[in-house]
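Chain and residue survey
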Amino acid sequence: MGMNDLALREMNIVLIGFMGVGKTTIGKAVAKKLYRDFLDIDEEIEKEFQMPTTKIFQEIGEKQFRKKEKETIINLCTNQRLKVISLGGGAFLQEEIRNLCLSNCIVFFLDLSWESWKDRVSMIIDSRPVLQGKNSEEMKDLFDERQPIYEDHHSKVLTDNLDVDEVASFIVDSLKTAWDIYEPNH
Ligand SMILES: Nc1ncnc2c1ncn2[C@@H]1O[C@H](COP(=O)(O)OP(=O)(O)OP(=O)(O)O)[C@@H](O)[C@H]1O
Ligand SMILES: O=C(O)C1=C[C@@H](O)[C@@H](O)[C@H](O)C1
Ligand SMILES: [Mg+2]
C-alpha cells in the first residue's frame, strides 16, 4: 500500500531522532491521545531475537541488527496503517528506510540540544550499545554527526524545556491542523 492509497489521517506517524530524545516515551503518549496502537522498532527487534539490544550487538552483531531493523520497518510501514511507530536512533542512517518512511508515513523529528541531551546519558547508557565505551567528547561527535540524517522529515519539534505530555500535545495539535487543512471533508 503506497501513500497515494491512504488518506492522510490513516497514515502511520513515525518518530525519529537521536538516542534518548524520547521517541519511545513520547510515541506512547501520542498513540494514547490519538487512540492508536503504538509500535517501537527496537522492541520488535528484541522480540524477534528474544534478547535485549545490547546482547544482540554482542552476540549477533550490529550488521544483523541493522538488517533486521530495515526489514521490520519496511514490513510495518508498508503493511500497517493508523499506527504510531518509534524508530531506533540509527534507523535513518539507512537510505532505504528514510525513503520509505518519507513516502509512506508522516515523519516527526524530535529535536533536542546537546546541552539538554548530555544530562540524560546516565539514564540510557546501559541499554544503548552505541554509547558504551565512549567519553563525552566522542558522544558529542556522534551526536553532531547524526544530526544531518534527521533533517529529512515532515515536521519537527524542539523538545528542550517541554515535558513528555507537552511534546505529545504539540505533535497531536499539529497533526490535527494538517488533517483539517488537507482533508477538510473527512
Ligand atoms: N521531554 C522529555 N523531558 C524529560 N525527559 C524525557 C523527555 N522525553 C523522554 N524523556 C526521558 O528520557 C529517557 C529516554 O527516552 P526514550 O527511551 O523515550 O528515548 P528514545 O528516543 O526512544 O531512545 P532510543 O533511540 O535509544 O530508543 C527516558 O528516561 C524518558 O523518560
Ligand atoms: O542510535 C543508534 O544507533 C541506536 C539506537 C537505539 O534506538 C537502538 O536502535 C540501538 O541501540 C542503536
Ligand atoms: Mg526508543
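Scoring rules and cut-offs
Residues numbered from 1 in each chain as written. Chains lettered and ligands numbered in written order. Predicted model: local features only at pLDDT ≥ 70, side-chain atom pairs only at ≥ 80, totals over all residues. Heavy atoms only, no water. Helix = DSSP H or I, 4+ residues; strand = E, 2+ residues; numbered from the N terminus. Rg over C-alpha atoms; globule rule 2.2 N^0.38 Å. Contact = heavy atoms within 4.5 Å. Areas by Shrake-Rupley, 256 points an atom, 1.4 Å probe, with all protein chains shown as cover. Near = heavy atom within 4 Å. Polar contact = N/O pair within 3.5 Å; in protein donor to acceptor, adjacent residues only side chain to side chain. Salt bridge = Lys/Arg side-chain N within 4 Å of Asp/Glu carboxyl O. Buried < 20%, exposed > 50% of the residue type's maximum accessible area, 1.4 Å probe, protein only. UniProt positions renumbered as here; feature names shortened; annotations may be inferred.

**Remarks on the overall build of the chain**
Within the chain, the regular secondary structure consists of 9 helices and 5 strands. Since a compact globule built from 186 residues should have a radius of gyration of about 16 Å, the 16 Å found for the chain is in line with a globular shape. Expressed as lengths along the three principal axes of its C-alpha atoms, the size of the chain is roughly 55 × 35 × 25 Å. Intrachain contacts of the chain at a sequence separation of at least 6 include 77% that bridge at least 24 residues. When the accessible surface of the chain is split by element, carbon and sulfur atoms take 48% of a total near 9700 Å².

**Structural notes on the site of ligand 2**
Every residue close to ligand 2 is listed here: Met19, Asp42, Thr53, Phe65, Arg66, Gly88, Gly89, Gly90, Pro129, Val130 and Arg146. The separation between an oxygen atom of ligand 2 and a polar main-chain atom of glycine 90 is 3.1 Å. One of the side-chain nitrogen or oxygen atoms of arginine 146 is found 2.8 Å away from an oxygen atom of ligand 2. Alone, ligand 2 offers 310 Å² of accessible surface; in the complex the protein occludes 96% of this.

**A few points about the side chain of glutamine 94**
On the secondary structure map, glutamine 94 appears in the loop between β3 (83–86) and α5 (95–104). Looking at glutamine 94, its side chain comes within polar contact range of the main-chain oxygen of arginine 66, at 3.0 Å.

**Here we look at the pattern of salt bridges**
All told, the structure shown has 16 salt bridges when counted by the stated rule. The shortest N-O distance in the salt bridge between arginine 9 and aspartate 180 comes to 3.2 Å. Taken as a pair, arginine 9 in the segment before β1 (13–16) and aspartate 180 in helix α9 (residues 164–182) lie far apart in primary sequence, 171 residues in all. With relative accessibility at 22%, the residue arginine 9 sits in the partly exposed group. Overall, the relative accessible area of 49% leaves aspartate 180 in the partly exposed class. One salt bridge connects aspartate 152 with arginine 98, and the closest N-O pair in it is separated by 3.7 Å. Of this pair, aspartate 152 sits in the loop between α8 (136–150) and β5 (155–158) while arginine 98 sits in helix α5, and the two are 54 residues apart along the sequence. Among the residues examined, aspartate 152 registers a relative accessible area of 39% and is labelled partly exposed. On the accessibility criterion, arginine 98 (17% relative accessible area) is buried.

**Section: the UniProt feature "binding site: Mg(2+)" (unreviewed entry) in the chain**
Here the UniProt-annotated "binding site: Mg(2+)" (unreviewed entry) positions come out as Thr24. Checked against the element boundaries, threonine 24 lands in helix α1 (residues 23–34). By relative accessible area, threonine 24 is classed as partly exposed at 28%. If we ignore the near neighbours within four places in the chain, the residues touching threonine 24 are Phe38, Asp40 and Ser86.

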